[in-house]
Amino acid sequence: MKRLFFILFITIAAVSNAQEATWLTDFDKAKRVAKKEKKPILMYFTGSDWCGPCKMLKKDFWQHSEFLKQANDFVLLEVDVPFREDIITPEQFKKNKELQKKYNKDGAFPTLLALDANGKIKERISAYSMLRDTSGYFAFLDKARAIR
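Residues numbered from 1 in each chain as written. Predicted model: local features only at pLDDT ≥ 70, side-chain atom pairs only at ≥ 80, totals over all residues. Heavy atoms only, no water.

J.: Just checking my understanding: could you explain the overall build of the protein chain for this structure?
T.: Across its full length, the protein chain carries six helices and four strands. Starting at the N terminus and ending at the C terminus, the protein chain contains elements arranged as α-α-β-α-α-β-α-β-β-α. When the 148 residues of the protein chain are sorted by exposure, 39% land in the buried category. When contacts within the protein chain are restricted to residue pairs at least 6 apart in sequence, those whose partners lie at least 24 apart make up 69%. About 9,200 Å² of surface is accessible on the protein chain, with carbon and sulfur atoms providing 56% of the total. (Helix = DSSP H or I, 4+ residues; strand = E, 2+ residues; numbered from the N terminus. Buried < 20%, exposed > 50% of the residue type's maximum accessible area, 1.4 Å probe, protein only. Contact = heavy atoms within 4.5 Å. Areas by Shrake-Rupley, 256 points an atom, 1.4 Å probe, with all protein chains shown as cover.)

J.: Got a minute to help me understand the pairing of strand S1 (residues 41-46) in this structure?
T.: Consecutive side chains along a regular strand alternate between the two faces of the sheet. Burial analysis of S1 places six of its six residues in the buried class, which makes it a mostly covered element. Side chains Ile41, Met43 and Phe45 of S1 all project onto a buried face; the interleaved residues Leu42, Tyr44 and Thr46 project onto the opposite face, where all are buried too. With six bridges joining them, S1 and strand S2 (residues 75-80) adopt parallel strand pairing. Residue methionine 43 lies in a different strand from S2, and its bridge partner there is leucine 77. (Pairing = 2+ DSSP bridges.)

Encoded structure:
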């Protein structure tokens, strides 16, 4: 019986971990990985603690099984700009604000950019509707996949 519970626990833990993609938070590292692996970068601007549409997009799109199947086709870069100071370090917050000034000048959240390995913007999609329709984001992935 103990063995059965152990196996069940390990299975649940593995499934739980498989439901999230791996996101980088360092832009320079993302560019290095993109160059090495010849993949486009998906740069995601979020306000993790205050942006309602960002929270909905996380649940509806980022955790969707179809996205998770495609996540390895990209280098994922999350640029979080939270209100709470304890969510990321002051250094990371400063870097993220600089990235926001350069890449997300209009301040729209959520915003998703497809970049080449040199950091040049190739595609962009912003906002997320209360209708919770992810089709535009999946179409975005199709376009972004062709970037090198």
